[in-house]
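Descriptive analysis of the structure
Here is how the chains run, residue by residue.
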Amino acid sequence: MIQSIELMAPAGNFESLQAALDNGTDSVYFGVEQLNMRARATVNFTVDDLPEIARRCKAVNVRTYLTLNTIIYDHDLSIVKTLLKEAKAANITAVIAMDQAVIAAARAMEMEVHISTQLNVTNIETVKFYAMFADTMVLSRELSLRQVKYITDQIEKENITGPSGRLVEIEIFGHGALCMAVSGKCYMSLHAYNSSANRGACKQNCRKKYTVIDQETGFEMELDNEYIMSPKDLCTIDFLDEIIQSGIKVLKIEGRGRAPEYVAHVIKAYRDAIDSVADGTYSKDKVVGWMRELEKVYNRGFWSGYYLGQKLGEWSKGSGSHATQKKVYIGKGVHYYPKAKIGEFKIEAYDLNVGDTILITGPSTGAKEMQVDEMMVNTVRVGSGTKNDLVTIPLEFRIRPSDKLYKIVENKVEV
């Protein structure tokens, strides 16, 4: 039986956190306010959220990782120490760091440290160096699986251990957005908008259309694809068996800025795939099904990254998502009747019909997707509900007034 690996999920808010927990993640990583690489996200956890994050995750034996992986300036140091102190008090498992000041401060507090991909760990000697401070290292994204396996083999051969005394664990990215800078530091956003990507404030100008012009003659070059700096998303589910055989211990899913249903679909697919590799049932037929599920949520198209030896990126052909489905807001939660197991919703936009696929999201609910098999309005069974109706639907889970109700519809996208 092949040894399983740790599946790590992104969590940008409590909806995504709960979606990750409900779909079988082994660990979650998240940012708190500023000083993380998704500081511009519309939502971010606060310091006060740390105990609740830790409580939910501990209840289901899931590890928690705080990302403190931006460039740090002198005026940030007091904030860094405060965040680390609060994380330790809340029993957060580890901190993901790239700045030596953060690494040193965390070690001084005896917090477990993971080395961020921004530090570009690409060889065994660098692993040895950071092993003095960290138990887990995220390798650079430009490495091939052959290079990854050499590093994991040498860790075992040379018995390279971290501060915990355990062998250093290697983590790699498995799925999600790729940046044109790969694992390095990008300054495009800083140059164009004075908004630093390395401080979590990327404006994503690489995702836009570009025209190439000869500055001497003014000649404009004709390009087959105007999105020449926007890579497709990474996807490794179709060679996950090779990923696991490379000796890595942690597979990281990118997406702290994406919606909770993205987290739910992606984590469920990779959970199933990892378990299938472990029990020997991983197959091409199953991969087809998993790919179909992954295509339903936000993506820019997929490619295998650099793991299989490819030298250049594959570029997206548009600025938005290639998802085969999209969500349409319908209404909000009103009440849950636990004895009857019925959820009540107020429809605020569009119609809802029996047979529709719905998505319910909320800080405690996460992201639950299901088909409407029956529905009632004012205790009368109906085939559809319309704006301002209070509809009731049988549900096996509790809903809350903060929950939002969406309809899932097909999304026609030109690829």
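It should be noted that the structure appears before, not after, this text.
Quantities reported herein were computed from a predicted structural model and do not represent experimental measurements.

Reading the values: rules and limits
- Residues numbered from 1 in each chain as written.
- Predicted model: local features only at pLDDT ≥ 70, side-chain atom pairs only at ≥ 80, totals over all residues.
- Heavy atoms only, no water.
- Buried < 20%, exposed > 50% of the residue type's maximum accessible area, 1.4 Å probe, protein only.
- Helix = DSSP H or I, 4+ residues; strand = E, 2+ residues; numbered from the N terminus.
- Polar contact = N/O pair within 3.5 Å; in protein donor to acceptor, adjacent residues only side chain to side chain.
- Pairing = 2+ DSSP bridges.
- Axes fitted to C-alpha atoms, helices over the stretch in contact; angles between N-to-C directions.
- Contact = heavy atoms within 4.5 Å.
- Core = buried A, V, L, I, M, F, W, Y, C linked by side-chain atoms within 4.5 Å.
- Parallel < 35°, antiparallel > 145°, perpendicular 65-115°, else oblique.
- Left-handed = near helix turned anticlockwise from the far one by under 90°.
- Nonpolar A, V, L, I, M, F, W, Y, C, P; charged D, E, K, R; others polar.

Here helix α4 (residues 100-108) has its buried residues at Val102, Ile103, Ala105 and Ala106. The distance from a side-chain oxygen at the start of α4 to the backbone nitrogen of Ala101 is 2.8 Å, and the residue carrying that oxygen is Asp99. Glu110 sits one or two positions beyond α4 and adopts a positive phi of about 60°.

What follows deals with the sheet that holds strand β17 (residues 380-382). Taking strand neighbours across the sheet as the criterion, the eight strands line up as β15-β14-β20-β11-β12-β19-β16-β17 in an open arrangement whose pairing is antiparallel. The open sheet has two free edges, formed respectively by β15 (366-371) and β17, since each of these has just one partner strand. Direction aside, neighbouring strands of the sheet carry axes that sit 35° apart on average. Pairing between strand β11 (residues 325-337) and strand β12 (residues 342-347): six bridges, direction antiparallel. Paired with Gly333 across the two strands is Phe345, which belongs to β12. With respect to the sheet, helix α1 (residues 14-22) is in contact with β14 (357-362) and β15, its orientation differing from that of β15 by roughly 65°. Most of the contacts of helix α9 (residues 260-279) go to β15, to which it runs at about 75°, and overall it touches β11, β14 and β15.

The biggest cluster of nonpolar side chains holds 94 residues, and the ones touching the most others in it are Phe30 and Tyr270. Among the elements that make up this core, the one with the highest residue count is α9 (10 residues). Other than its neighbours up to four places away in sequence, Tyr270 contacts Leu7, Gly174, His175, Cys235, Thr236, Ile237, Leu240, Leu251, Ile253 and Leu294.

Here we take up the packing of α1 against helix α2 (residues 50-59). In the contact formed by α1 and α2, the axes pass within 11 Å of each other and the chain directions differ by 15°. Classed by the angle they form, the pair α1 and α2 counts as roughly parallel. The way α1 lies across α2 gives a crossing that is right-handed. Contact residues: α1 offers Phe14, Leu17, Gln18 and Leu21, while α2 offers Glu52, Ile53, Arg56 and Cys57. For the contact of α1 with α2, the residue count by class is five nonpolar, one polar and two charged.

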